[in-house]
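Working through the structure, step by step
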Amino acid sequence: MTVLDTDLRPAEPPRYVVFWQRYRRNRAALLGLGLFAIVVLMALTAGLVDSGDPLRRAGLPLLAPFVDAANPLGTDQLGRSILSQLFYGARISLLVGVVATLVSIIIGIVIGALAGYFGGWVDDLLMRITEAFQTIPNFVLLLTLVAILGSKIEWITLAIGIVSWTAPARMVRAEFMSLRNREFVDAARNLGVSNTSLIFREILPNALPPIIVYASVIMALSILLESALAFLGLGDPNYASWGNMIGQGRAVLRTAWYCSAIPGIAIVLTVLSFSLLGEGLNDAMNPRQKQ
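Scope of this entry: the structure provided in the associated data block.

The rules behind these values
Numbering of residues begins from 1 in every chain and follows the order in which that chain's sequence is written. Given that this is a predicted model, residues contribute local features only at a pLDDT of at least 70 and side-chain atom pairs are listed and counted only at 80 or more, while totals for whole chains, interfaces and linings are drawn from all residues. Side-chain metrics in this entry use all non-hydrogen atoms of the structure; hydrogen atoms and water are not considered. Numbering of helices and strands starts at the N terminus; helices are DSSP runs of H or I of at least 4 residues and strands are runs of E of at least 2. Note on classification: 1.4 Å probe, protein chains only; a residue is buried when its accessible area is under 20% of the maximum for its type, exposed when over 50%, partly exposed between these limits. Both cavities and pockets are sets of points on a 1 Å grid over the protein atoms alone; in a cavity a 1.4 Å probe fits but cannot get out, in a pocket the set is open with protein on both sides within 12 Å along at least five of seven lines, and lining residues sit with an atom within 4 Å of a point. Grid points are joined across faces, edges and corners, and a volume is the space filled by probe spheres set on the points. Amino acids outside the nonpolar list (Ala, Val, Leu, Ile, Met, Phe, Trp, Tyr, Cys, Pro) and the charged list (Asp, Glu, Lys, Arg) are all regarded as polar, and Gly is one of them. Axes here mean lines fitted to C-alpha atoms, for a helix over just the part in contact, with angles spanning 0 to 180 degrees between N-to-C directions. Should the near helix be turned anticlockwise from the far one by less than a right angle, the crossing is termed left-handed; should it be turned clockwise, right-handed. By convention, a stacked pair of Phe, Tyr or Trp rings (six-membered ring in the case of Trp) has centres within 6.5 Å and planes under 30 degrees apart, an edge-to-face pair has planes over 60 apart, and any other such pair is tilted. In plain words, nonpolar cores are sets of buried Ala, Val, Leu, Ile, Met, Phe, Trp, Tyr and Cys residues tied together by side-chain atoms within 4.5 Å. In this description, contact between two residues means that some pair of their heavy atoms is separated by no more than 4.5 Å. When a carboxyl oxygen of Asp or Glu lies within 4 Å of a side-chain nitrogen of Lys or Arg, that pair is called a salt bridge.

**Some remarks on the overall build of the protein**
- Within the protein one finds 14 helices and zero strands.
- In sequence order, the protein lays out its α and β elements as α-α-α-α-α-α-α-α-α-α-α-α-α-α.
- Principal axes of the C-alpha set define a box for the protein whose edges measure 75 × 55 × 30 Å.
- Counting over 291 residues, the protein shows a buried share of 44%.

**Brief notes about empty space enclosed by the protein**
- Tallied over the full model, the rule gives one cavity of 30 Å³ or more.
- Taken as a whole, the largest cavity encloses approximately 60 Å³ of empty space.
- Lining the largest cavity are Asp 76, Gln 77, Arg 80, Ile 82, Gln 85, Met 245, Gln 248, Gly 249 and Cys 259.
- At the level of secondary structure, the elements contributing two or more residues to the lining of the largest cavity comprise helix H5 (82-118) and helix H12 (242-249).
- If one sorts the elements of the lining of the largest cavity by residue count, H12 sits on top with three residues.
- Its residues assigned to classes, the lining of the largest cavity comprises three nonpolar, four polar and two charged.

**A word on the layout of surface pockets**
- Considered as a void within the structure, the largest pocket measures approximately 230 Å³ in volume.
- The wall of the largest pocket is formed by 14 residues, among which Thr 101, Ile 212, Ala 215, Ser 216 and Met 219 lie closest to the centre.
- Taken together, the residues that form the lining of the largest pocket break down as twelve nonpolar, two polar and no charged.

**Notes on the packing of H5 against helix H11 (residues 195-231)**
- Contact pair H5 / H11: the axes reach a minimum separation of 7 Å and the direction vectors enclose 145°. Our pair here, H5 against H11, has a crossing hand that is right-handed.
- Residue composition of the contact of H5 with H11, grouped by class: 20 nonpolar, six polar and one charged.

**Regarding the packing of aromatic side chains**
- Counted by the stated rule, this structure contains five aromatic pairs.
- Plain terms: the ring middles of Phe 36 and Phe 274 are 5.6 Å apart, the flat faces sit at 55° to each other, and that makes the pair tilted. Highlighted residues: Phe 36 in helix H3 (residues 27-44) and Phe 274 in helix H13 (residues 258-285), separated in sequence by 238 residues.
- Take Phe 36: its relative accessible area is 24%, and that puts it in the partly exposed class.

**A closer look at the nonpolar core**
- In this structure, Ile 82, Leu 86, Trp 242 and Phe 274 are the most contacted members of the largest nonpolar core, which totals 32 residues.
- The set of elements that each furnish at least two residues to this core consists of H3, H5, H11, H12 and H13.
- Among the elements that make up this core, the one with the highest residue count is H13 (nine residues).
- Counting 16 residues, the second largest nonpolar core, distinct from the first, contains Val 172, Phe 176, Val 185 and Leu 204.

**Regarding the environment of Phe 274**
- Overall, the relative accessible area of 2% leaves Phe 274 in the buried class.
- Sequence separation of Phe 274 and Leu 35 is 239 residues, and the distance between their C-alpha atoms is 8.8 Å.
- Beyond its immediate sequence surroundings of up to four residues, Phe 274 is in contact with Phe 36, Leu 94, Ser 216, Met 219, Ala 220 and Ile 223.

**Notes on the pattern of salt bridges**
- Counting across every chain of the model gives six salt bridges.
- A salt bridge links Asp 76 to Arg 80, with the shortest nitrogen-to-oxygen separation between them at 2.9 Å.
- Using a relative accessible area of 9% as the deciding quantity, one classes Arg 80 as buried.
- For the salt bridge of Arg 128 with Glu 131, the shortest nitrogen-to-oxygen distance reads 2.9 Å. Here Arg 128 and its partner Glu 131 are both found in helix H6 (residues 120-134), three residues apart, which amounts to about one turn of the helix.
- Assessed through its relative accessible area of 43%, Arg 128 is described here as partly exposed.
- The class for Glu 131 is partly exposed, based on a relative accessible area of 32%.
- Connected through salt bridges with shared partners, the residues Arg 128, Glu 131 and Arg 170 form a single ionic network.

In structure tokens form, the structure reads like this:
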């Protein structure tokens, strides 16, 4: 092959272009991306929908949807706008989902990386701790932590992250055990690279794709856990959240079903969006599995 022939070969597209081409092949994943974009848009425009406190009284109690122009989705039993609470609740759901996921992923990466890289007694010790956490149901442990720490949204988010780290830790451990003896790791080790650099600069970037995919699952579970706590009356009453709306609306479920149904639909669509996003990320990052 001549130099001219080499120069005429089409250049490979950037990685993000290849990633998007693989992702958009899954139409369900595109639907999930669209639903997620709607939730993000709701969170960003909540201040435009209602610039005041969403928990203040906005009209007569238990107005039905599409009756009052000032409250298109009606009001709850205290006269608060359901539309305003719905938009501000999107902020709380995204905040809880993102922060709790980051907490669980960071804890899981640290524990899983140390266990998978060093092995031996380090692996045995860390996996016994992981198994101890897994013997307790997540929601029971979450209730215990919230009872100890309190019902502020910050503590709830931290508690959800703490109870969700075991699965990422096992995934990271499995990836590290398969990568720690690869040629590129041995080459870096022979060059005198420290263990810290080997873990976080050489192995971890190659172990991240399945963790990124699983992060969408953790975000969905985090939103569900926060909603479950709020439904039981353990949510933060100072913030408008979808779980609080459902929990308070159950008292008037027979006469004003929309007080619980509207935020319930929002939770279902948001969790569905994360599920479809995870499926699309899996197809884009693991094209062989899709084939």
